[in-house]
Amino acid sequence: MSTILFDCDTGIDDAITLLYLASLVRAGEAELIGVGTVHGNVDARTGALNTLRVLELVGIKGAEAGEAGEAGEAGVPVAVGASRPMAQDVHYAADWHGADGLGDIGLPEPAGRPVAESAAAQIVRLARSRPGEVTLLATGPLTNLGAALLLDPELPALVREVVVMGGAFDHPGNITTHAEANIWHDPEAADLVFAADWPVVLVPLDATHPTAVDDRWLDGLAAHDSDAARFATRILEFYVTAYTPTLKRRGAVIHDALAAMLAVRPELGTYVERPVRVELRGELTRGTTVWDARSLPAEDHRRPVRVAVGSDVTTFQDRLLAAVRSL
Ligand code: BDR
Ligand code: CA
């Protein structure tokens, strides 16, 4: 059973990922011990409230405000994290996710509130409470993970694995010509994460784009009669409209859910292992992930990152659909 601490910027595909994680929890296949939010698709506080909205929809309550802890009787602690990147201005993604991050469908306030602890402090505390057990799944900019590394230099030895959705290698960027959004939103923090001595799995656009869902998948979701399926269908409507010009058909790339699925089912991915760096100075390429693809002995002595370059698309799509329909 995986022990997951989720760091995100909820966000439409982050919300679908929360539904997927909730299905794993319900099936006894994963434990969700906490969630932290970060600036990115929306501001970090809105992301935390969105997270609570999604969790409450599927019967998972947030821990009481002010109460730090681990998920259990008390609920899942949802912590607000960094409100801005380390070394640049903050940007949000209203065009892709709506001004409220969930497709502007007018959701009510959640019943619960975020805990008082910061997301970075929560990462350190939960990793220390379960040494060697925690999978840190990150589907937003990496500011909270970078800050946690600065807070506790021993963190890399305490975490089981870090799984990140972000980056683009042999694929165009989605926020600039070369950069992927999660990395571009905080390049310095991302580079800290790739430089640290911990096992990192990176799920870039090269792996996520081929998994774009289509009419069949979206119609299969819309046909299901449950609160979770209706919610997913409503928020995806905005995302699909945003994606249609890029895909040139009705569809959407649910990036973050692929990272979550590869965190618990790594055998569904194909990988290459290479040191990864983030371009921090390029005039046209700041925020781009870079690897040395030459077949030479690596000159870069950073610990190699396991980069997903493909996945079993049919199994991913079928399992994601089944997961949301199971709630
Ligand atoms: C990533 O950027 C965000 O908009 C999505 O939620 C995803 O995490 C894709 O580049
Ligand atoms: Ca995200």
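Bear in mind that the values here come from a model prediction, so they are computed numbers and not experimental data. (Residues numbered from 1 in each chain as written. Chains lettered and ligands numbered in written order. Predicted model: local features only at pLDDT ≥ 70, side-chain atom pairs only at ≥ 80, totals over all residues. Heavy atoms only, no water.)

### Thoughts on the sheet that holds strand 1 (residues 2-8)
Filter applied, for reference: Strand pairing is assigned whenever DSSP identifies at least 2 bridges connecting the two strands. A run of DSSP states H or I qualifies as a helix once it reaches four residues; a run of E qualifies as a strand once it reaches two. Both are numbered from the N-terminal end. Here the axes come from fitting lines to C-alpha atoms, over the contacting stretch only for helices, and the angles between their N-to-C directions go from 0 to 180 degrees.
Strand order in this open sheet of 8 strands is 3-2-1-4-5-6-10-7, and the pairing throughout is mixed. Pairing within the sheet leaves two strands with one partner each, and these edge strands are strand 3 (78-80) and strand 7 (269-274). Each strand axis lies, on average, 25° off the axis of its neighbour in the sheet, ignoring direction. The pairing of strand 2 (residues 30-37) with strand 3 spans 3 bridges and is classified as parallel.

### Some remarks on the coordination of the calcium ion (ligand 2)
Stated formally: Here a donor is an N, O or S atom found within 2.8 Å of the metal, or within 3.2 Å if the metal is Na, K or Ca; sites may look incomplete because water is not among the atoms. Accessibility here uses a 1.4 Å probe with only protein chains present; expressed as a share of the type maximum, an area under 20% marks a residue as buried, one over 50% as exposed, and anything in between as partly exposed.
At this site the calcium ion (ligand 2) is bound by Asp9 (OD), Asp14 (OD), Asp14 (OD), Thr139 (O) and Asp256 (OD), with donor distances of 2.2 to 2.7 Å. Going along the chain, you hit the donors of the calcium ion (ligand 2) in the pattern D-x4-D-x124-T-x116-D. The same class applies to Asp9 as to Asp14, namely buried.

### Examining unusual backbone geometry
Put simply, Thr10 and Gly11 share a cis peptide bond, and its omega is -10°. Notably, Asp104 is not glycine yet its phi reads approximately 50°, a positive angle. Mapped onto the fold, Asp104 is located in the loop between helix 3 (94-97) and helix 4 (119-129). The phi torsion at Lys248 lies on the positive side, around 60°, for a residue other than glycine. Looking at where Lys248 falls in the secondary structure, it is placed in the loop between helix 11 (227-247) and helix 12 (255-264). A relative accessible area of 73% places Lys248 in the exposed class.

### Concerning the packing of helix 1 (residues 12-26) against helix 12
Which entries qualify depends on this criterion: Every angle not falling under 35 degrees, over 145, or within 65 to 115 is termed oblique; those three ranges are roughly parallel, roughly antiparallel and roughly perpendicular. If you view the pair so one helix is near and one far, a crossing is left-handed when the near helix is turned anticlockwise from the far one by less than a right angle, and right-handed when it is turned clockwise. Here, two residues are considered to be in contact whenever any of their heavy atoms come within 4.5 Å of each other. Just so you know the grouping, Ala, Val, Leu, Ile, Met, Phe, Trp, Tyr, Cys and Pro go in nonpolar, Asp, Glu, Lys and Arg go in charged, and all remaining residues, Gly too, go in polar.
Where helix 1 contacts helix 12, the two axes come as close as 7 Å, and the packing angle between them is 30°. Judged by the inter-axis angle, helix 1 sits roughly parallel to helix 12. The handedness of the crossing between helix 1 and helix 12 is right-handed. Contacts between helix 1 and helix 12 pair Asp13, Asp14, Thr17, Tyr20, Leu21 and Leu24 from the former with His255, Asp256, Ala257, Ala260, Met261 and Val264 from the latter. Here the contact of helix 1 with helix 12 is built from residues that sort into 7 nonpolar, 2 polar and 3 charged.

### Considerations on the environment of Leu150
By secondary structure assignment, the location of Leu150 is in helix 5 (residues 143-151). The exposure class assigned to Leu150 is exposed, which follows from its relative accessible area of 58%. Taking the C-alpha atoms as reference points, Leu150 and Ala120, 30 residues apart in sequence, are found 9.4 Å from one another. Look past the residues within four positions of Leu150 in its chain and what remains in contact with it is Met86 and Leu192.

### Structural notes on the layout of surface pockets
As a reminder of what qualifies: The pocket and cavity definitions rest on a 1 Å grid over protein atoms only: a 1.4 Å probe that fits but cannot leave marks a cavity, an open set with protein on both sides within 12 Å along at least five of seven lines marks a pocket, and residues lining either have an atom within 4 Å of a point. Grid points are joined across faces, edges and corners, and a volume is the space filled by probe spheres set on the points.
Roughly 330 Å³ of volume is contained in the largest pocket. Along the wall of the largest pocket there are 22 residues; nearest its centre are Trp96, His97, Asn174, Ala181 and His255. Those elements giving two or more residues to the lining of the largest pocket turn out to be helix 1, helix 3, helix 7 (181-184), helix 11 and helix 12. No other element matches helix 11, which puts 3 residues into the lining of the largest pocket. Counted by class, the lining of the largest pocket contains 8 nonpolar, 9 polar and 5 charged residues.

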